[in-house]
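In case you want the letters, here they are:
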Amino acid sequence: MNLNTITTVKRPANADEIAGWQAGDAWLAGGTWLFSEPQPATHTLIDLEQLGWPSLQVTPGGLEIAATCRIMEIYRLESPAEWAAGPLLRECCNALLASFKIWNAATVGGNLCMSLPAGAMISMVTALEGTLTLWPRNGAPRVVSALDFVTGNHRNILQAGELLRSIHLPATALTKRYAFRRASLVKLGRSAALLIGTCGSDGQLLITITASTVQPVQLGFAGIPTAEELRRAIASAIPDDEYFDDVNGLPDYRRHLTYYFAEQIRVELAQSGSKA
Ligand SMILES: Cc1cc2nc3c(=O)[nH]c(=O)nc-3n(C[C@H](O)[C@H](O)[C@H](O)COP(=O)(O)OP(=O)(O)OC[C@H]3O[C@@H](n4cnc5c(N)ncnc54)[C@H](O)[C@@H]3O)c2cc1C
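Residues numbered from 1 in each chain as written. Predicted model: local features only at pLDDT ≥ 70, side-chain atom pairs only at ≥ 80, totals over all residues. Heavy atoms only, no water.

**Things to note about the pattern of salt bridges**
Logical step 1: The final tally for this structure, using the stated rule, is nine salt bridges.
Logical step 2: Note that Glu162 and Arg142 form a salt bridge whose closest N and O atoms lie 2.8 Å from each other. Linking Glu162 in the loop between β9 (155-156) and β10 (163-170) with Arg142 in strand β7 (residues 142-145), this pair joins segments that are 20 residues apart in sequence.
Logical step 3: Between Arg255 and Asp240 there is a salt bridge, with the nearest N and O atoms lying 2.8 Å from each other. Of the two residues, Arg255 sits in helix α8 (residues 251-270) while Asp240 sits in the loop between α7 (227-237) and α8, which places them 15 residues apart along the sequence.
Logical step 4: Classification of Arg255 by relative accessible area gives partly exposed; the value is 25%.
Logical step 5: The exposure class of Asp240 is partly exposed, given its relative accessible area of 47%. (Salt bridge = Lys/Arg side-chain N within 4 Å of Asp/Glu carboxyl O. Helix = DSSP H or I, 4+ residues; strand = E, 2+ residues; numbered from the N terminus. Buried < 20%, exposed > 50% of the residue type's maximum accessible area, 1.4 Å probe, protein only.)

Here it is as structure tokens:
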């Protein structure tokens, strides 16, 4: 849609060109959300496209993802064979309610910064133990755990004008076995619950719960827990009245899916050699 409150569009070649920040300024990434509804409080868009950040860099240490990387580029990435969790990247792309237009335009950074419970790029980077590099407008860059980034429905830790620059996924997480479970009320709809388990050669299990809660919840176990231990861990991390409630699923339904999928993941990853 046309945004008739916009009076200025800036296209910096370098983020440092944007020294000050005013109420009404907004970073523009793929624009799939910004142009999907009126933005009465926004008068200036600052387009990130000209910054020319390389989208994806595979290194011995893992994967560097520019915030401006399109979701389609993640989908098309050919992962190194030793990344047992490589296919998880594509599974998360498929977990967005997305027409082909959104897939081709939406960015990984935009998805994180939207901070919606159904943000599948959030599920991906938290499950894979990602860290995010943030560029404040005036101050030194800071690196934060992806797990600490989202603080609520459409809320995160970004300060005014702070830019998400990149995401690092460590090779130590990408080489883990994984199990993925997701439910949506309609085919290609927004997720009601999305759970990812990862298990390394040390036997440690991580279960990341997203979409059924407003922010990611991660449970860590030194080994594969019993079914009862897992249920107790979920109950202690997520009080029954804290499941997300919107048109994509009632809280009781999301709670049921969370326990059901977590148990399936536990059983799948307990089987040696699964997805290894
Ligand atoms: C039909 C439809 C279906 C959708 N389905 C889903 C879904 O299933 N799950 C979901 O999570 N979202 C969904 N969305 C919302 C949105 O399209 C996605 O979250 C998308 O990934 C946003 O990325 P973008 O690059 O288009 O962001 P933009 O629309 O460009 O920006 C989104 C917000 O993030 C800010 N921003 C963007 N990049 C940065 C950055 N690097 N640093 C700081 N701030 C930044 C912008 O200022 C803006 O506030 C949907 C939208 C539509 C229209």
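**Some points on the pairing of strand β12 (residues 193-199)**
Logical step 1: For β12, the tally of buried residues reaches seven of seven residues, placing the bulk of the element in the interior.
Logical step 2: In this sheet, β12 lies alongside strand β11 (residues 177-183) in antiparallel orientation, the contact comprising seven bridges. Looking across to β12, one finds that Arg182 is bridged to Leu194.
Logical step 3: In the sheet, β12 pairs with strand β13 (residues 205-210) via six bridges, with the strands oriented antiparallel. Across the sheet, residue Cys199 finds its bridge partner in β13, namely Leu205.
Logical step 4: Remark: five residues form the turn of the hairpin made by β12 and β13, two consecutive strands paired antiparallel; Gly203 in that turn has positive phi of roughly 85 degrees. (Pairing = 2+ DSSP bridges.)

**Focus on the site of the ligand**
Logical step 1: Contacts to the ligand come from 27 residues, most closely from Trp27, Gly30, Gly31, Thr32 and Thr107.
Logical step 2: Here an oxygen atom of the ligand and a backbone polar atom of Trp27 are 2.6 Å apart.
Logical step 3: Ala118 places a polar main-chain atom, nitrogen or oxygen, 3.1 Å from a nitrogen atom of the ligand.
Logical step 4: In the complex, 88% of the free accessible area of the ligand, which totals 970 Å², lies under the protein chains.
Logical step 5: Assessed atom by atom at 2 Å from the grid points, the ligand resides in the largest pocket.
Logical step 6: For the shell around the ligand, the secondary-structure elements that each account for two or more residues are α4 (108-114) and β10.
Logical step 7: Per-element accounting of the shell around the ligand gives the leading share, four residues, to α4.
Logical step 8: A class-by-class count of the residues in the shell around the ligand yields 17 nonpolar, eight polar and two charged. (Near = heavy atom within 4 Å. Polar contact = N/O pair within 3.5 Å; in protein donor to acceptor, adjacent residues only side chain to side chain. Areas by Shrake-Rupley, 256 points an atom, 1.4 Å probe, with all protein chains shown as cover. 1 Å grid on protein atoms, 1.4 Å probe; cavity = no way out; pocket = protein on both sides within 12 Å on 5 of 7 lines; lining within 4 Å. Sits in = over half its atoms within 2 Å of the grid points. Nonpolar A, V, L, I, M, F, W, Y, C, P; charged D, E, K, R; others polar.)

**As for the sheet that holds β13**
Logical step 1: Read across the open sheet, the four strands follow the order β11-β12-β13-β14; overall the sheet is antiparallel. The open sheet has two edge strands with one neighbour each: β11 and β14 (217-221). The average angle at which neighbouring strand axes cross in this sheet is 10 degrees, direction not considered. (Axes fitted to C-alpha atoms, helices over the stretch in contact; angles between N-to-C directions.)

**Here's the deal with the nonpolar core**
Logical step 1: Grouped together as the largest cluster of nonpolar side chains are 52 residues, with contacts concentrated most on Ile65, Leu112, Met124, Leu128, Leu132 and Leu169.
Logical step 2: The biggest single contributor to this core is helix α5 (residues 120-127), with six residues.
Logical step 3: Listed in part, the 22 residues of the second largest apolar core include Ala193, Phe221, Ile234 and Ala262. (Core = buried A, V, L, I, M, F, W, Y, C linked by side-chain atoms within 4.5 Å.)

**Overview of α5**
Logical step 1: With eight of its eight residues buried, α5 lies for the most part within the structure.
Logical step 2: Taken residue by residue, α5 has Ala120, Met121, Ile122, Ser123, Met124, Val125, Thr126 and Ala127 as its buried positions.
Logical step 3: Phi turns positive one or two residues past the end of α5, at Glu129, with a value near 55 degrees.

**Details of the sheet that holds strand β3 (residues 44-47)**
Logical step 1: Strand order in the open sheet formed by three strands is β1-β3-β2, with parallel pairing between adjacent strands. Here the strands that pair on one side only, and so sit at the sheet edges, are β1 (8-10) and β2 (25-28). Each adjacent strand pair in this sheet contributes to an overall mean axis angle of 25 degrees, direction not counted.
Logical step 2: With three bridges joining them, β1 and β3 adopt parallel strand pairing. From the neighbouring strand, Lys10 faces β3, where its bridge partner is Ile46.

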